[in-house]
2 protein chains.
Amino acid sequence: MTAAKGIEGMNMIETTVRKITGIDSAAAGAARARQDALAKPRGSLGRLEDLSVRIAGIRGDSRPVVRERIVFVMAADHGVALDGVSAYPREVTPQMVLNFLSGGAAINVLARSAGCRVAITDCGVAGGLLPVSDGNGFYARKIAEGSFDISKGPAMTRGEAERAIGIGIEVFEAEYAKRPFDIAATGDMGIGNTTPSSALVAVFAGIPAREATGRGTGIDDRTFELKVGIVERALSINAPDPLDGIGTLAKVGGFEIGAIAGVVLAAAARKIPVVIDGFISAAGALVARAIEPLCAEYMIAAHRSAETGHRAALELLGLEPLLDLGMRLGEGTGAALAITLCDAACRVLDETATFGEAGVSDR
Amino acid sequence: MTAAKGIEGMNMIETTVRKITGIDSAAAGAARARQDALAKPRGSLGRLEDLSVRIAGIRGDSRPVVRERIVFVMAADHGVALDGVSAYPREVTPQMVLNFLSGGAAINVLARSAGCRVAITDCGVAGGLLPVSDGNGFYARKIAEGSFDISKGPAMTRGEAERAIGIGIEVFEAEYAKRPFDIAATGDMGIGNTTPSSALVAVFAGIPAREATGRGTGIDDRTFELKVGIVERALSINAPDPLDGIGTLAKVGGFEIGAIAGVVLAAAARKIPVVIDGFISAAGALVARAIEPLCAEYMIAAHRSAETGHRAALELLGLEPLLDLGMRLGEGTGAALAITLCDAACRVLDETATFGEAGVSDR
């Protein structure tokens with residue numbers, strides 16, 4: 001069954017990737033021309049102007065809107081969590097997913113604040129706590145009871161990696177069919193998932209494990225050394241090839257990270273801006289970029305995470321984050337905040353009067 | 001009449017300043033304790049957590065809300081604008097105020113986006129274009145047809161400076177009486193007003209004119225040198241005393257800058273957080289701080305402006321801005337964006353479930 005689902009995932013990935021093209025430079029140019037005609041000194045709204053131009057190019061619309069919004073929270077467990085790389089026990093993953101479902105987590109609050117709906121997917125959470133059927137924005141897509149320990153071998157099979165990415169695409173499309181959205185955001189939950197994310201960033205950026213590894217939920221020096229050692233072993237045992245995005249995901253990734261890559265690819269295929277949350281989302285974005293480099297043109301980096309490897313990941317993606325608030329929670333919390341900036345940027349472009357309309361003298 | 005209004009302004013300032021006390025550290029402590037109990041790693045929302053704790057202290061409420069919001073846009077003209085320090089002609093000031101009144105300016109758009117009402121005050125705009133009576137969020141409080149050229153003498157009399165600050169307090173109180181608000185923001189409009197703002201920052205920070213002076217709406221090298229020279233002359237001719245806030249405002253300030261100082265003092269007196277927009281607002285905040293240092297505890301810095309002297313102003317105020325998007329428009333645009341972050345921060349504090357409530361295992 002897993003093999004069949006892997007093939008299904010692969011077909012889905014190929015179909016999606018074939019739809020991805022570069023962004024619409026004519027729409028971006030028209031948006032820039034309009035920004036320059038608005039009654040304010042040219043460039044005086046700085047990166048807010050650039051953001052609106054970027055979204056115009058992504059949407060192929062010189063006056064894009066950011067009305068309907070969604071954050072995709074992908075959850076899974078990780079074999080490495082059992083090695084003690086996290087400050088929290090593994091049972092926290094399903095507990096937090098239940099917290100998401102009852103609306104009490106930070107991502108629920110920030111999504112409400114940003115007028116953003118939330119879709120939560122169990123991509124491979126361990127334990128029997130979570131619902132086994134879909135409903136209320138929840139998708140039961142458990143690939144396995146957590147990934148394998150990457151310090152001892154591959155996280156998953158290649159077929160499972162394809163399935164993980166396919167889940168991201170599938171859930172994206174299901175939500176789009178339910179109600180089309182103008183912007184999407186990524187989020188994650190998975191105790192231990194900064195460890196595979198660090199491994200992925202180290203592979204794709206070609207940097208040592210230590211430079212890609214941070215303190216996650218807040219570990220002490222001893223645990224940090226353990227974590228660096230685990231990332232180093234994961235890289236040496238699995239010898240991932242950075243040119244093989246799916247293979248690298250299978251070797252040192254995680255189920256939810258693959259699903260995030262799927263959301264990114266699906267967004268690029270549909271020409272919808274996708275707000276990349278923090279470190280784990282950036283790792284997923286790197287997997288997507290390894291599969292189809294053009295998808296990076298559809299990404300918006302939400303914030304600069306406090307996590308060490310995030311800087312290298314953002315550089316590789318060619319993204320400058322909108323916010324820098326020292327956040328490191330994940331869940332999509334930074335992305336939800338950034339969505340309000342995307343909305344504000346597009347509203348300025350669309351609703352501000354030009355010099356001519358306002359009867360204001362230009363320089 | 002001006003003298004009488006000056007005395008009236010002084011009484012208003014004294015009455016307001018007497019109400020200003022330090023923030024409520026018990027409420028701030030209770031907010032911090034609650035943040036630490038929420039189901040997320042401690043500190044993982046970074047500055048968003050600090051912001052909620054800060055607002056709790058300001059409001060004296062361990063779970064503050066940011067429901068009703070307002071931005072006060074203060075407008076006036078400046079004698080120095082006639083010296084050619086700006087890229088735009090002086091007529092743009094009333095034209096832009098009319099644009100604010102018809103809802104077509106960037107601040108109108110961003111305020112709508114942030115669910116924030118706008119109050120606009122003519123503190124001293126030159127020319128006869130603006131309404132002469134109040135209505136629809138507009139306050140006709142013209143002190144004079146623009147301030148005098150600070151490179152040739154004082155911007156205004158001491159009585160007018162007191163009146164300008166009094167206008168800020170009066171408008172704040174009028175809007176509060178109309179409908180109480182949970183957060184206030186400052187904004188400005190006034191062609192040429194980065195010049196007096198640079199002079200004010202140079203005085204209060206004790207730095208050379210050149211270090212406090214930037215490119216404003218976008219001037220060329222030659223105009224920049226002219227502007228630095230004007231700030232230098234303003235400082236040498238007027239010899240302002242940084243310990244005398246009102247005197248410094250009178251000598252090298254502007255009417256709208258004084259009104260912004262009034263808004264800041266009124267906010268501190270009412271224990272309402274006041275979001276300081278960019279460079280001109282920071283200059284107004286420095287005037288307020290010179291009058292009553294405690295008012296700085298009530299300020300939230302919206303963003304790091306592209307304007308050169310802003311950094312020195314923020315350091316003096318002890319504020320770290322929330323956003324850094326290369327904005328330099330003024331009007332309150334950065335403050336409107338920052339208000340949504342203040343709301344998000346308070347919502348996380350209030351609405352997120354604790355570890356206990358969510359049934360999530362702590363570390």
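Since the model is a prediction, treat every value here as computed from it, not as a measurement.

**Topic: the overall build of chain A**
Part 1: Assigned secondary structure in chain A consists of 15 helices and six strands.
Part 2: A compact globule built from 363 residues should have a C-alpha radius of gyration of about 21 Å, and chain A, at 20 Å, falls within 12% of that.
Part 3: For chain A, the spread of C-alpha atoms along the principal axes amounts to about 70 × 40 × 40 Å.
Part 4: Here chain A, with 363 residues, has 65% of them falling under the buried criterion.
Part 5: Once local pairs closer than 6 in sequence are excluded, the contacts in chain A between residues at least 24 apart make up 75%.

**Comments concerning the interface of chain A and chain B**
Part 1: Across the boundary between the two partners, chain A contributes 53 residues, which contact 53 residues of chain B.
Part 2: Buried area between chain A and chain B, both sides added, is near 4300 Å², and the carbon and sulfur share of it is 61%.
Part 3: The largest per-residue losses of area from chain A upon contact with chain B belong to Tyr88(A), Leu325(A) and Arg363(A), which jointly make up 15% of the total buried on that side.
Part 4: Run the count over chain A and chain B and you get two salt bridges.
Part 5: Residue Arg112(B) is joined to Glu351(A) by a salt bridge in which the shortest nitrogen-to-oxygen separation is 2.9 Å.
Part 6: Sorting the residues of the side of chain A that touches chain B by element identifies α3 (46–59), α4 (92–101), α5 (106–113), α14 (333–351) and α15 (355–358) of chain A as the ones contributing at least two each.
Part 7: Of all the elements, α14(A) adds the most residues to the side of chain A that touches chain B, at nine residues.

**Let's talk about the packing of aromatic side chains**
Part 1: Under the defined criterion, the tally for this structure stands at ten aromatic pairs over all chains.
Part 2: Ring geometry for Phe72(A) and Phe172(A): centres 5.5 Å apart, planes at 25°, overall stacked. Residue Phe72(A) is found in strand β1 (residues 69–76), and its partner Phe172(A) is found in helix α6 (residues 158–178); the two are separated by 100 residues along the sequence.
Part 3: Note on Phe72(A): relative accessible area 0%, which makes it buried.
Part 4: Taken together, a centroid distance of 5.9 Å and an interplanar angle of 70° make the contact between Phe72(B) and Phe181(B) edge-to-face. Of this pair, Phe72(B) sits in strand β1 (residues 69–76) while Phe181(B) sits in the loop between α6 (158–178) and β4 (183–189), and the two are 109 residues apart along the sequence. For the residue pair Phe72(B) and Phe181(B), the accessibility class agrees, reading buried in each case.

**Some thoughts on the relation of the copies chain A and chain B**
Part 1: Placing chain A over chain B gives an RMSD of 0.0 Å and needs a rotation angle of 180°, together with 0.0 Å of translation along the axis. The operation mapping one copy onto its partner corresponds to a two-fold rotation axis. By C-alpha distance to the rotation axis, the residue of chain A lying nearest is Leu323(A), at 3.3 Å.
Part 2: In this assembly, 100% of the residues forming the interface of chain A have copies in chain B that are likewise at the interface, indicating an isologous arrangement.

The rules behind each value
- For every chain, the first residue of the written sequence is number 1, and numbering continues from 1 along that sequence.
- Going through the entries in the order they are written, you letter the chains from A and number the ligands from 1.
- Local features in this predicted model are restricted to residues whose pLDDT is 70 or higher, and side-chain atom pairs enter the listing and the counts only when it is 80 or higher, whereas totals over whole chains, interfaces and linings include all residues.
- Hydrogens are left out, water is left out, and the side-chain values use all remaining heavy atoms of the structure.
- Put simply, DSSP H or I for four residues or longer makes a helix, DSSP E for two residues or longer makes a strand, and each gets a number counted from the N terminus.
- As a reference, a globule follows 2.2 Å times the number of residues to the power 0.38, and the radius of gyration itself is taken over C-alpha atoms.
- When a residue's accessible area, from a 1.4 Å probe over protein chains only, is under 20% of the maximum for its type it is buried; when over 50% it is exposed; and in between it is partly exposed.
- The contact definition used throughout considers only heavy atoms, calling two residues in contact when any of these lie within 4.5 Å.
- Two parts placed together each lose some accessible area under a 1.4 Å probe, and adding up what both lose gives the buried area.
- For salt bridges, the criterion is a side-chain nitrogen of Lys or Arg within 4 Å of an Asp or Glu carboxyl oxygen.
- For this analysis, a ring pair means two rings from Phe, Tyr or Trp (six-membered ring only for Trp) whose centres lie within 6.5 Å, classed as stacked if their planes differ by under 30 degrees, edge-to-face if by over 60, and tilted for the remaining angles.
- Here the copies are matched by least squares. The fit uses the C-alpha atoms of residues with pLDDT of at least 70 in both.

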